[in-house]
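Here is how the chains run, residue by residue.
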Amino acid sequence: MGMDVCYLNRNALFASETEDYRIPPEPEANQRVTLRFRTARNGVDQVLYKEVGSDESQVMEKVSQDTYFDYYEHKITTGIEPIRYYFQVIKGGGFCYYNRLAVQSEALPEFAFCITPGFHTPEWAKGAIMYQIYVDRFYNGDPSNDVETNEYIYIGAPVQGVTDWEKPIENFDVGYFYGGDLRGVWDKLDYLQSLSVEVIYFNPIFVSPSNHKYDCQDYEHIDPHYGVIVRDDEQVLKEPFEKSGEELRDQNKNATKYITRVTSQENLEASDAFFARFVEEVHKRGMRVILDGVFNHCGSFNKWLDREGIYEKADGYEPGAYVSKSSPYRTFFRFESEEAENWPYNGTYSGWWGHDTLPKLNYEKSEKLQEYILNIAKKWVAPPYHIDGWRLDVAADLGHTGEFNHYFWKKFRKAVKSINPDALILAEHYGDPSGWMQGDEWDGIMNYDAFMEPLTWFLTGMEKHSDEYDENLYGDGEGFFRAMNYHMSRMQTPSIMVAMNELSNHDHSRFLTRTNQKVGRLATAGAQAASEGIRYGVFREAVMVQMTWPGAPTIYYGDEAGLCGWTDPDNRRTYPWGKENLEILEFYRYMCGIHKRLPVLKKGSVKKLLAERHLIAYGRMYGKYKAVVVVNNRDTKREVEIPTWQLGIEEDEGLARIMVTTETGYNVGAAKVEHLKGYVRMTMEPVSSILMITHIDEFFTSVDGDTKREMQQSL
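Bear in mind that the values here come from a model prediction, so they are computed numbers and not experimental data.

Visitor: Which residues make up the overall build of the protein chain, and what values go with them?
Guide: Broken down by element type, the protein chain carries 16 helices and 32 strands. On C-alpha atoms alone, the protein chain measures out to a radius of gyration of 27 Å, which is about the 27 Å that the 2.2 N^0.38 rule sets for 715 residues. When the backbone C-alpha atoms are referred to their principal axes, the protein chain occupies close to 85 × 55 × 45 Å. Considering the protein chain as a whole, with its 715 residues, one finds that 62% of them fall into the buried category. Partitioning the intrachain contacts of the protein chain with sequence separation of at least 6 by distance along the chain shows that 72% fall at a separation of at least 24. Counting only carbon and sulfur atoms, one obtains 48% of the accessible surface of the protein chain, whose full area is about 26,300 Å². With 78 positive and 108 negative side-chain charges, the protein chain shows a separation of 4 Å between the mean positions of the two kinds.

Visitor: Residues and numbers for the sheet that holds strand β25 (residues 605–612), please.
Guide: Within a sheet, adjacent strands bond to each other through the backbone by hydrogen bonds, running parallel or antiparallel. Strand order in this open sheet of five strands is β25-β26-β27-β32-β29, and the pairing throughout is antiparallel. Both outer strands of the open sheet, β25 and β29 (656–661), are each paired with one neighbouring strand and no more. Averaged over all pairs of adjacent strands, the angle between their axes in this sheet comes to 15°, without regard to strand direction. Direction of pairing for β25 relative to strand β26 (residues 615–622): antiparallel, over a ladder of seven bridges. Counted as the bridge partner of Val 606 is Arg 620 from β26. Against the sheet, helix α12 (residues 536–546) contacts β26, β27 (625–632), β29 and β32 (688–693), and its axis sits at roughly 30° relative to β32. Strand contacts of helix α13 (residues 582–597): β29 and β32, with the helix running at about 145° to β29, the strand carrying the most contacts.

Visitor: Report on the nonpolar core, specifying residues and quantitative values.
Guide: With 130 residues, the main nonpolar core has Tyr 131, Phe 202, Phe 275, Phe 278, Phe 295, Trp 390 and Phe 412 as its most contacted residues. Once residues within four sequence positions are removed from consideration, Phe 295 is found in contact with Tyr 219, Leu 361, Tyr 363, Ile 373, Ile 376, Trp 390, Leu 392, Leu 398, Trp 409 and Phe 412. Formed by 47 residues, the second largest nonpolar core is a distinct cluster that contains Phe 14, Tyr 85, Val 680 and Met 684.

Visitor: Please provide a residue-by-residue account of the packing of aromatic side chains, values included.
Guide: For the structure on display, the rule yields 68 aromatic pairs. With a centroid separation of 5.3 Å and 80° between ring planes, the pair formed by Tyr 191 and Trp 577 is classed as edge-to-face. Highlighted residues: Tyr 191 in helix α2 (residues 189–194) and Trp 577 in the loop between β24 (552–556) and α13, separated in sequence by 386 residues. With a centroid separation of 5.2 Å and 40° between ring planes, the pair formed by Phe 206 and Trp 380 is classed as tilted. Residue Phe 206 is found in strand β17 (residues 206–207), and its partner Trp 380 is found in helix α5 (residues 367–381); the two are separated by 174 residues along the sequence. Note on accessibility: Phe 206 and Trp 380 belong to one class, buried. Sitting over the face of the ring of Tyr 139, Lys 188 holds its NZ or CZ atom 4.4 Å from the ring centroid. Seen from the ring of Tyr 448, Lys 464 lies directly overhead, with NZ or CZ sitting 6.0 Å from the centre.

Visitor: I'd love a proper account of α13, names of residues and values included.
Guide: If you check α13, its first and last C-alpha atoms are 22 Å apart, about what 16 residues at 1.5 Å a residue would give, namely 22 Å. Every buried residue of α13 is accounted for by Ile 584, Leu 585, Phe 587, Tyr 588, Tyr 590, Met 591, Cys 592, Gly 593, Ile 594 and His 595.

Visitor: Outline the packing of α5 against helix α6 (residues 402–419), listing residues and values.
Guide: Interhelical geometry of α5 versus α6 gives an angle of 35° and a closest axis separation of 9 Å. Crossing hand, α5 versus α6: right-handed. Residue-level inspection shows Gln 370, Ile 373, Leu 374, Ala 377, Lys 378 and Val 381 of α5 in contact with α6, the latter providing Phe 404, Tyr 407, Phe 408, Lys 411, Phe 412, Ala 415, Val 416, Ser 418 and Ile 419. In the contact of α5 with α6, the residues fall into 11 nonpolar, two polar and two charged.

Visitor: Which residues make up the sheet that holds strand β11 (residues 130–133), and what are the values?
Guide: What the eight strands build is an open sheet, ordered β22-β21-β20-β19-β16-β11-β24-β23; its pairing is parallel. Two strands lie at the open edges of the sheet, namely β22 (444–445) and β23 (500–502), each paired on one side alone. Both strand β21 (residues 424–427) and β22 contribute to a ladder of two bridges, which runs parallel. Paired with Leu 426 across the strands is Gly 444, a residue of β22. Its contacts with the sheet place helix α4 (residues 265–284) against β16 (199–202) and β19 (288–293), and it is angled at close to 135° to β19.

Visitor: Explain the pattern of salt bridges to me, and be specific about the residues and the numbers.
Guide: This model, assessed by the stated rule, comprises 56 salt bridges. Ionic pairing is found between Lys 126 and Glu 26, a salt bridge with its closest N-O pair at 2.9 Å. Of this pair, Lys 126 sits in the loop between β10 (113–115) and β11 while Glu 26 sits in the loop between β1 (22–23) and β2 (32–40), placing them 100 residues apart in sequence. Assigned by exposure class, Lys 126 and Glu 26 land together as buried. Linking Glu 308 and Arg 249 is a salt bridge whose minimum nitrogen-to-oxygen distance equals 2.9 Å. With Glu 308 in the loop between β19 and α5 and Arg 249 in the loop between β18 (218–222) and α3 (256–263), this residue pair connects regions lying 59 residues apart in the sequence.

How each quantity is defined
Residues numbered from 1 in each chain as written. Predicted model: local features only at pLDDT ≥ 70, side-chain atom pairs only at ≥ 80, totals over all residues. Heavy atoms only, no water. Helix = DSSP H or I, 4+ residues; strand = E, 2+ residues; numbered from the N terminus. Rg over C-alpha atoms; globule rule 2.2 N^0.38 Å. Buried < 20%, exposed > 50% of the residue type's maximum accessible area, 1.4 Å probe, protein only. Contact = heavy atoms within 4.5 Å. Areas by Shrake-Rupley, 256 points an atom, 1.4 Å probe, with all protein chains shown as cover. Lys, Arg positive; Asp, Glu negative; His and termini not counted. Charge placed at Lys NZ, Arg CZ, Asp CG, Glu CD. Pairing = 2+ DSSP bridges. Axes fitted to C-alpha atoms, helices over the stretch in contact; angles between N-to-C directions. Core = buried A, V, L, I, M, F, W, Y, C linked by side-chain atoms within 4.5 Å. Phe/Tyr/Trp six-rings, centres within 6.5 Å; stacked < 30°, edge-to-face > 60°. Lys NZ or Arg CZ within 6 Å of the ring centre and 35° of its normal. Expected span 1.5 Å × (residues − 1). Left-handed = near helix turned anticlockwise from the far one by under 90°. Nonpolar A, V, L, I, M, F, W, Y, C, P; charged D, E, K, R; others polar. Salt bridge = Lys/Arg side-chain N within 4 Å of Asp/Glu carboxyl O.

Encoded structure:
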């Protein structure tokens, strides 16, 4: 028997997995836990606690009451197994259920709340402001380590050292190097701190022949082209080349400059030592470092395979599996033809998605490989490097079966956490991640399905590569919340709080380009079109949501400076030092500062307040603190009435605007806000957003003097 809406104030019902509604929020095994549930004041007859798999129900006790709500509690004691639970609300002759999708007419146990005893995500990562750096394109701090033109052959062509930082990106870009390095990042740490950045996430920085470095050559060392070159060779490959295309690969055996740079122990050890000092400096500044781990596949240059002949003439290296069947790394790869006559130079190894430049690692057939990668995972977390976590590339693809994939990531977690229990493990993943998010594999994910995609569709109608436009999804406020809620329900809340909430990254078009609502790529539309018709007002709305939605807002380098770009490779343009969009940059500084200083935005519950065409409103709640966010993505003004009572905001509590964005700027002009009992009525400008918070005086006490004066003047 379902619940008729006339019997019950459904919008008053609420529970979450934050510390306001589960105490403690991340329980240990055999620990007493208090669960809370909220209803309208005197609004229900009974609230029942129910566990999935049990036919029994427990009546919850009403423990307190305020102006709007009653609060019910139930205490349980955890064991060692996960506990999945939901609530049943009864009034009169009807009832409804409440789970992670909010009010439901059916129990839907697959969407139950979940306690996994002993599962914690690092406190420092919850809501942390992360900054993603594609090193080659960020800043050149040490020209002496730059890749030189003709230094070696990569995918059928000699590499190119680019001397013009502003040179447009080529469509086939992987062999072009602009010179960004770790010294350059060190030089810009003051800049990152001015953005309130708390975590630096690096795209891969281990030895690799490409600028993206997702084809690792040596997991044990930082690439000297990003680090330090103390031993060098003058000889680059000489033109004209007698061969072309793939036949050029054999030339790499003569690439003595490259071979010296990337195989010399002096260079490798100096680069590793520089990185250790870099991380120490980052930690001194109160920030953290996450590295990219590409463990599903390596590269054809990898020393275990040595398809390119880089290590054949280098001192101190065992023969690669491509070179010799007796290689100690033979089992690291799967060869289709294993007859002895196929060696030396057996090219029948399996490549990821068929690419022979990306040999897939053969974990199931090599315990030695498993041990090696687990040791790599521990090495960089341990002294002297002390990195703070891993981002795992194409993590669901590792291995040849799902069973082994889960087996390995369980071992990986144990290995990393044995060195640093506070290390963060994030995975790249598309689709339902719940199989890996049971508390014994990943901490969180790059949040495509529960952030980047729903927000992009709602604000722009664009697919995240700019490959498609969908007018039905554009402006669908209800669809936005449905998608967010569903995909967030596939993760436990501790994982949501550390998930990377990105607008852009190295694999997708820049969000600012998506605001032009044009389908295109670099090869089809050209570079200039990526900057045509863009809408800064829409971009500001996106940043507003990014900085106020549950998770870790992650800035892709240059977004804050107004960079545009189609999808890979155009999204990897160089940072425009000295030519930043200063208005956008200062807006980011304000929003990052607000996010960093407000615990309600880092750890609070989220609640939908309103959803219409081109309109969304939601609240965040954390103890006595509340925040309200409203986004009007329509091209006209509109009157809106926000039910702030749903957040429990009392009349005397105060709700102050702290940020408003429009098409022309931010915090410009007065926002017309009328405070009513239980509601806020306001006039929203076209393409605008607003952030309001309670207890604004406490917020200002956390802001330095100059910033406080600027913000108070703007408010």
